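Architecture and fold: a report
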Amino acid sequence: MLPTIKVHCWGGLGSQLYGLALAHHLKRECIGRRVALILHTSGVTKRKSELTSLSKSIKVRELDDFKESNFHSSAIGGTKRFKLSFKEILLKTRIVLDDNVMKSSASIKPWTLSIRGHYTNFSFSNFTLRDICQIVVTQLNTLSARNRFDILVHYRLGDLITLDSKNPLSANSFEFLSLLPGQIFLVSDSLDVGVRELRNVLNREVMPVPSKGGFDVLGHALNSTCFVGSSSKVSDWAILFRLMLFPELDNFAPASRKSTLARLCATEDSRSLQFFE
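Residues numbered from 1 in each chain as written. Predicted model: local features only at pLDDT ≥ 70, side-chain atom pairs only at ≥ 80, totals over all residues. Heavy atoms only, no water.

Moving on, we get to the overall build of the protein. Of the regular secondary structure elements, the protein holds seven helices and eleven strands. Computed over its C-alpha atoms, the radius of gyration of the protein comes to 20 Å, within 12% of the 19 Å expected for a compact globule of 277 residues. Burial status across the protein gives 48% buried among its 277 residues. Long-range pairs, those at least 24 residues apart, make up 65% of the contacts in the protein between residues at least 6 apart in sequence. As presented, the protein carries roughly 14200 Å² of accessible surface, and 52% of it is formed by carbon and sulfur atoms. (Helix = DSSP H or I, 4+ residues; strand = E, 2+ residues; numbered from the N terminus. Rg over C-alpha atoms; globule rule 2.2 N^0.38 Å. Buried < 20%, exposed > 50% of the residue type's maximum accessible area, 1.4 Å probe, protein only. Contact = heavy atoms within 4.5 Å. Areas by Shrake-Rupley, 256 points an atom, 1.4 Å probe, with all protein chains shown as cover.)

Okay, here's the thing in structure tokens:
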């Protein structure tokens, strides 16, 4: 029996959905291979699995490998060189694949054991994406009241506010919202900051919408007439699901997400999707 292919994933729900999509794609394409999804908690901030019990066909496991010192320490001298050399061997022999090599299921060899990355550059089939949509919709079960919000803005802030290596989308980017009719609602991982900044920019009322995680964001997005995303993979997935389920409803995304959304939404009618600077 061929070994299980382990798809490793880091990050929040948006990244986890990319990992789940790849696992489902491989399950369909690599006949005879078992596929498992490993969700790591490590990273700049600790991430929890939101998918552990959702997929019936893919084994999903959380690996708690987060350490406070992950990004504040480094390997020393020969140890670091050995790790890099060993990693190069694994990649060259395709025992391990990463985003640079994993372009299609044809990249996988019978001896491939694991795949590591974020998978945003991978082009998924319509079958795979509809599988993921169905899993998410079943989890949410909120489609009957989808027009609860006139305009819902998802403003990703969180650790982006404090990280030197990343920056959140400027609140000034949302100035165009002042021209749209309807009440504006905001969902964010830094709700107080987001509401304050948008109110200052728009000079109009912005209503906060509490959320407990990525699935709440997706549920709120499907419950809105107009959805406005930010620099976030969860926003990308929300837009995809809306295009699949409600192609007549308006969506807005930052211009920086154009290439990512072009791949993710390639099989959908995206005429209702507009980009802003």
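That covers the picture; the talk isn't over yet.
Let us now look at the side chain of arginine 242. Along the chain, arginine 242 turns up in helix α6 (residues 233-245). Within the buried set, arginine 242 has no salt-bridge partner at all; the shortest N-O distance to an opposite charge, 7.2 Å, is to aspartate 250. Once residues lying within four places of it in the same chain are set aside, the contact partners of arginine 242 are Ala221, Leu222, Ser224, Thr225, Cys226, Phe227, Pro247, Leu249, Asp250 and Asn251. (Lys, Arg positive; Asp, Glu negative; His and termini not counted. Salt bridge = Lys/Arg side-chain N within 4 Å of Asp/Glu carboxyl O.)

Under the defined criterion, the tally for this structure stands at nine aromatic pairs. Geometrically, the ring pair formed by tyrosine 18 and phenylalanine 124 is tilted, given 6.3 Å between the ring centres and 40 degrees between the ring planes. Of this pair, tyrosine 18 sits in helix α1 (residues 13-29) while phenylalanine 124 sits in the loop between β5 (114-116) and α3 (126-140), and the two are 106 residues apart along the sequence. For phenylalanine 124, a relative accessible area of 7% translates into the label buried. Residues tryptophan 237 and phenylalanine 241 carry aromatic rings whose centres are separated by 5.7 Å and whose planes lie at 35 degrees to one another, so their mutual orientation is tilted. Note that tryptophan 237 and phenylalanine 241 are positioned in helix α6 at a spacing of four residues, about one turn of the helix. Just as tryptophan 237 is buried, phenylalanine 241 falls in that class too. Every member of this aromatic cluster is reached through a ring pair, and the members are Tyr18, Phe122, Phe124, Trp237 and Phe241. (Phe/Tyr/Trp six-rings, centres within 6.5 Å; stacked < 30°, edge-to-face > 60°.)

Attention now moves to the sheet that holds strand β8 (residues 206-208). Taking strand neighbours across the sheet as the criterion, the six strands line up as β8-β7-β6-β9-β10-β11 in an open arrangement whose pairing is parallel. The open sheet has two edge strands with one neighbour each: β8 and β11 (273-276). Sheet twist, expressed as the mean angle between neighbouring strand axes with direction ignored, is 30 degrees. Of the pairings in the sheet, the one linking strand β7 (residues 184-188) to β8 comprises three bridges and is parallel in character. Looking at the pairing, leucine 186 lines up with proline 208 of β8. (Pairing = 2+ DSSP bridges. Axes fitted to C-alpha atoms, helices over the stretch in contact; angles between N-to-C directions.)

With 17 residues, α1 should cover 24 Å at 1.5 Å per step; its first-to-last C-alpha distance of 24 Å lies within 8% of that length. Of all 17 residues in α1, 14 are buried; the element is thus mostly enclosed. (Expected span 1.5 Å × (residues − 1).)

A separate point is the packing of α3 against helix α5 (residues 214-222). Contact pair α3 / α5: the axes reach a minimum separation of 10 Å and the direction vectors enclose 90 degrees. It follows from the interaxial angle that α3 and α5 lie roughly perpendicular. Residues Val136, Gln139 and Leu140 of α3 touch α5, and the partners they reach there are Phe215, Leu218, Gly219 and Leu222. Tallied by class, residues from the contact of α3 with α5 come to five nonpolar, two polar and no charged. (Parallel < 35°, antiparallel > 145°, perpendicular 65-115°, else oblique. Nonpolar A, V, L, I, M, F, W, Y, C, P; charged D, E, K, R; others polar.)

A few words now on the environment of leucine 198. You can see leucine 198 is positioned in helix α4 (residues 191-202). Using a relative accessible area of 0% as the deciding quantity, one classes leucine 198 as buried. Between the C-alpha atoms of leucine 198 and alanine 171, which are 27 residues apart in sequence, the distance is 6.0 Å. The residues touching leucine 198, leaving out its near neighbours within four places in the chain, are Val153, Tyr155, Ala171, Phe174, Leu186, Asn203 and Val206.

Glancing now at the sheet that holds strand β4 (residues 96-98). Reading across the sheet, the five strands line up as β3-β2-β1-β5-β4 and stay open at both edges, with parallel pairing between neighbours. In this open sheet, the two strands that pair with only one neighbour each are β3 (59-63) and β4. Sheet twist, expressed as the average angle between the axes of neighbouring strands with direction ignored, equals 25 degrees. Across three bridges, the pairing between β4 and β5 is parallel. Within β5, the residue paired with leucine 97 across the bridge is isoleucine 115.

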